[in-house]
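As a plain string of letters, each chain reads:
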Amino acid sequence: MPSFEHLIPFFIATAIFAFVPGPAILYTAAQTLARGKRAGFMAALGIHFGCYVHVIAAALGLSAIFIHVPAAYMVVKIVGAVYLVWLGISLIRQKVASEMPVGAGASGAPKTARRAFIESMWVEILNPKVAIFFIAFLPQFVDAAAGLPVWAQFLVLGAFVNISFSTADVVVIMAADKVARKMKSSGAGPKIVQALSGVTLIGLGARLALSDK
């Protein structure tokens, strides 16, 4: 592995990227507000697993296709954007817990959490900006002269980045859950929270589609 002195800037940069509000944090907060803390944690877990796809792809050099074949990047980006918009619209149209039959909320909780995990994993996988981030960020801290192979250094550094990002997500989930509980205590609160969460996902999808890189 690179020397500790070489890794200090890596640790600092990772902490900044992890805790500065970005699309992943907004997405996790939206899932928590709309579906509850359990679904929020499952959404974060889905993002975490999806991120490993990009880490492995970067380690194997596969992510470079997005740089050398712009059309591939554009296709994945548009698919990911449309998926986010679709999730947002579905969330807005979904019935809130107060409108469901008695007992449906409890039985539907595991299904909701499972859906949050699967949806979030695909949201992360279908975001080529994550792939570009790893192949632009990690090489700065890889030491070709180190005893560990370059691909293994990519995996270790990428895993650390992913864990750091997920740690920030957990903090956001806890804060969002407290906000949601207060907002949902009022009569129209649940509908407002769900609508705001759906609009957030739609906004993230639009942002992804309209971004240059």
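Just so we're clear, the structure is a prediction, and the values are computed from it rather than from any experiment. (Residues numbered from 1 in each chain as written. Predicted model: local features only at pLDDT ≥ 70, side-chain atom pairs only at ≥ 80, totals over all residues. Heavy atoms only, no water.)

Asker: How should I be thinking about the packing of aromatic side chains in this particular structure?
Answerer: For any pair of aromatic rings, the description rests on two quantities: the centre-to-centre distance and the angle between the ring planes. Throughout the structure, instances matching the rule amount to 14 aromatic pairs. Relative to Phe 117, the ring of Phe 49 lies with its centre 6.0 Å away and its plane at 75 degrees, an arrangement referred to as edge-to-face. One end of the pair, Phe 49, is in helix α3 (residues 37-59); the other, Phe 117, is in helix α6 (residues 104-125), with 68 residues separating them in the sequence. (Phe/Tyr/Trp six-rings, centres within 6.5 Å; stacked < 30°, edge-to-face > 60°. Helix = DSSP H or I, 4+ residues; strand = E, 2+ residues; numbered from the N terminus.)

Asker: Where do I start with the pattern of salt bridges in this structure?
Answerer: As a working rule, side chains carrying opposite charge can pair if their charged atoms are close by. Here the structure, examined in full by the defined rule, presents three salt bridges. Residue Glu 119 pairs with Arg 35 through a salt bridge whose shortest N-O separation is 3.1 Å. Of the two residues, Glu 119 is situated in helix α6 and Arg 35 in helix α2 (residues 23-35); the sequence distance between them amounts to 84 residues. On the basis of relative accessible area, Arg 35 is assigned to the buried category, the value being 16%. (Salt bridge = Lys/Arg side-chain N within 4 Å of Asp/Glu carboxyl O. Buried < 20%, exposed > 50% of the residue type's maximum accessible area, 1.4 Å probe, protein only.)

Asker: How do you make sense of the confidence of the model for the protein when you look at a structure like this?
Answerer: Detailed conclusions should not be drawn from predicted coordinates in areas where pLDDT is low. The pLDDT averaged across the protein works out to 87; a share of 89% of its residues lies at or above 70. Mean pLDDT per element in the protein: α6 is the minimum at 78, and α3 is the maximum at 95. A low-confidence stretch, residues 98-107 (pLDDT under 50), is modelled with two contacts involving residues beyond four sequence positions or located in other chains. (pLDDT = per-residue confidence, 0-100. Contact = heavy atoms within 4.5 Å.)

Asker: Please clarify how helix α7 (residues 128-137) should be interpreted in this entry.
Answerer: For an α-helix the count is 3.6 residues per turn, leaving residues at separations of three or four pointing the same way. Where α7 is concerned, the buried positions are Pro 128, Val 130, Ala 131, Phe 134, Ile 135 and Phe 137. You can read the cap of α7 off the contacts: a side-chain oxygen lies 3.1 Å from the backbone nitrogen of Lys 129, and it is on Asn 127. (Polar contact = N/O pair within 3.5 Å; in protein donor to acceptor, adjacent residues only side chain to side chain.)

Asker: Please clarify how a nonpolar patch on the surface should be interpreted in this entry.
Answerer: Where nonpolar side chains cluster on the molecular surface, the patch consists of Phe 4, Ile 8, Phe 11, Ile 12, Ile 16, Val 20 and Phe 160 and spans about 640 Å² of accessible area. Overall, Ile 8 belongs to the partly exposed group, its relative accessible area being 36%. (Patch = residues over 30% accessible without salt bridge, like charges linked within 9 Å, V, L, I, M, F, W, Y side chains within 5 Å. Areas by Shrake-Rupley, 256 points an atom, 1.4 Å probe, with all protein chains shown as cover.)

Asker: It is not clear to me how the packing of α3 against α7 should be interpreted in this structure. Could you clarify?
Answerer: When two helices pack together, their arrangement is given by the angle between the helix axes and by the axis-to-axis distance. Closest axis-to-axis distance for the α3/α7 pair is 9 Å, and the angle between their directions is 45 degrees. Classified by the angle between their axes, α3 and α7 sit oblique to one another. Here the hand of the crossing between α3 and α7 comes out right-handed. Every residue of α7 that contacts α3 at Cys 51, His 54, Val 55 and Ala 58 is listed here: Val 130, Ala 131, Phe 134 and Ile 135. Along the lines of polarity and charge, the residues of the contact of α3 with α7 split into seven nonpolar, one polar and no charged. (Axes fitted to C-alpha atoms, helices over the stretch in contact; angles between N-to-C directions. Parallel < 35°, antiparallel > 145°, perpendicular 65-115°, else oblique. Left-handed = near helix turned anticlockwise from the far one by under 90°. Nonpolar A, V, L, I, M, F, W, Y, C, P; charged D, E, K, R; others polar.)

Asker: When you look at the environment of Ala 64 in this model, what are you seeing that I'm missing?
Answerer: The residue Ala 64 is located in the loop between α3 and α4 (65-68) in this model. Sequence-wise, Ala 64 and Ala 131 are 67 residues apart; in three dimensions their C-alpha atoms are separated by 8.4 Å.

Asker: How should I be thinking about the environment of Leu 84 in this particular structure?
Answerer: When you line up the elements, Leu 84 lands in helix α5 (residues 70-93). Judged by relative accessible area, Leu 84 falls into the buried class, the value being 7%. The spatial distance from the C-alpha of Leu 84 to the C-alpha of Leu 126 is 9.7 Å, given a sequence separation of 42 residues.

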